[in-house]
Amino acid sequence: MKKTIHTLVLVLIFTGIWLVLNESLAFSQILIGLFFSAVSILFTNRYLLEDDYLDAYAIKPEVLLHYSLYLFIQIYQSGFSAILKIIKGEDAVKIINYETCMRNELGICLLANAITLTPGTVTIGKNGRLLQILAFQDENTFTDITEGKSCSPYEMILRRMDR
């Protein structure tokens, strides 16, 4: 019963996303959204995942909210910083090999996506816990962390998914 309720909640969330992306609340769009959401979840559970969708992608709401807010702020801060670097001609780049302190595969993927979403950095490779990051030459967020062997602020937030 609990699994059915969780699946229905996911179908409603995905349908809501469908409606927002289609910018329509027409009855036909709602039906199409419900259909594709249900089919996507069932197909994913049956053929693409080893574990159940809810087990594989469970994120506590408070962690998701904290992560989203932090990411939103970082995107804007990094965007303005990247604009200034480009205007000043300080746009040389380097590749950083960064080993994350997380073990959760979902957390590592969210970290890689956050790095790519943040202007001035792009995750170009992932091998287990090792991420290759293309960043501005003077980027010190990940080089300082690598030398000190501590977790980045992103990781500190995402590590709470496991608790």
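None of the values given here were measured: they were computed from a predicted structure.

Any details on the pairing of strand 1 (residues 93-99)? Residues and values, ideally.
Residue alternation in strand 1 divides its side chains into a buried set, Lys94, Ile96 and Tyr98, and an unburied set, Val93, Ile95, Asn97 and Glu99. Looking at chain direction, strand 1 and strand 3 (residues 130-136) are connected through seven bridges and run antiparallel. Across the sheet, residue Lys94 finds its bridge partner in strand 3, namely Ala135.

Talk me through the packing of helix 1 (residues 2-22) against helix 2 (residues 27-48); I want residue IDs and the actual numbers.
Interhelical geometry of helix 1 versus helix 2 gives an angle of 130 degrees and a closest axis separation of 8 Å. For the element pair helix 1 / helix 2, the angle class is oblique. Crossing of helix 1 over helix 2 shows right-handed handedness. Here helix 1 contributes Thr7, Leu10, Val11, Leu12, Phe14, Thr15, Trp18, Leu19 and Asn22 to the contact with helix 2, which in turn contributes Gln29, Ile30, Ile32, Gly33, Leu34, Phe36, Ser37, Ala38 and Ile41.

Report on the packing of helix 4 (residues 61-88) against helix 5 (residues 105-117), specifying residues and quantitative values.
Remark: helix 4 packs on helix 5, axes separated minimally by 10 Å, with the N-to-C direction vectors making an angle of 25 degrees. Our classification of the angle between helix 4 and helix 5 gives roughly parallel. Considering only the axes of helix 4 and helix 5, their crossing is right-handed. The segment helix 4 lies against helix 5, with Tyr67, Leu71 and Ile75 engaging Leu110, Ala114 and Leu117.

Provide a residue-level description of the sheet that holds strand 3, including the pertinent values.
Strands sit in the order 1-3-2 across an open sheet of three strands; the sheet is antiparallel. Single-partner strands in this sheet number two, and they are strand 1 and strand 2 (121-127). Mean inter-strand twist for the sheet, computed between neighbouring axes without regard to direction, equals 25 degrees. Of the strand pairs in this sheet, strand 2 and strand 3 are connected by six bridges, and their pairing is antiparallel. Within strand 3, the residue paired with Thr121 across the bridge is Ala135.

Describe the confidence of the model for the protein chain, naming the residues involved and giving the relevant values.
Overall, the prediction assigns the protein chain a mean pLDDT of 84, with 88% of residues at 70 or greater. Looking across the protein chain, the model is least confident in helix 6 (residues 141-148), with a mean pLDDT of 52, and most confident in strand 2, with 92.

Quick rundown of the pattern of salt bridges? Include the residues and the values.
Summed over all chains, the structure comprises two salt bridges. One salt bridge in this structure joins Glu99 and Arg129, with 3.7 Å as the shortest N-O distance. You can see Glu99 sitting in strand 1 and its partner Arg129 sitting in the loop between strand 2 and strand 3, a full 30 residues away along the chain. For Glu105, the salt bridge is made with Lys126, and the minimal N-O distance between the two is 2.6 Å. With Glu105 in helix 5 and Lys126 in strand 2, the pair connects residues that are 21 residues apart, well separated along the chain.

Thresholds applied
- Each chain has its residues counted from 1, running along the sequence as written.
- Confidence filtering applies because this is a predicted model: local features only for residues at pLDDT of at least 70, side-chain atom pairs given and counted only at 80 or more, and all residues used for totals across whole chains, interfaces and linings.
- Values shown for side chains rest on all heavy atoms present in the structure; no hydrogens or waters enter the calculation.
- Exposure is judged per residue with a 1.4 Å probe applied to protein chains only, and the accessible area is read against the type maximum: over 50% gives exposed, under 20% gives buried, and values in between give partly exposed.
- Runs of E in the DSSP output that reach at least two residues are strands. Runs of H or I that reach at least four are helices, and both are numbered from the N terminus.
- Two strands are counted as paired when DSSP detects at least two bridges linking them.
- Fitting a line to C-alpha atoms yields each axis, with helices limited to the stretch in contact; the angle taken between N-to-C directions then spans 0 to 180 degrees.
- By the definition adopted for this analysis, an angle is roughly parallel if under 35 degrees, roughly antiparallel if over 145, roughly perpendicular if from 65 to 115, and oblique otherwise.
- If you view the pair so one helix is near and one far, a crossing is left-handed when the near helix is turned anticlockwise from the far one by less than a right angle, and right-handed when it is turned clockwise.
- Between two residues, a contact is recorded if the distance between any of their heavy atoms is within 4.5 Å.
- pLDDT is defined as a per-residue confidence score from the predictor, taking values between 0 and 100.
- Take a side-chain nitrogen of Lys or Arg and a carboxyl oxygen of Asp or Glu: if they are within 4 Å of each other, that pair is a salt bridge.

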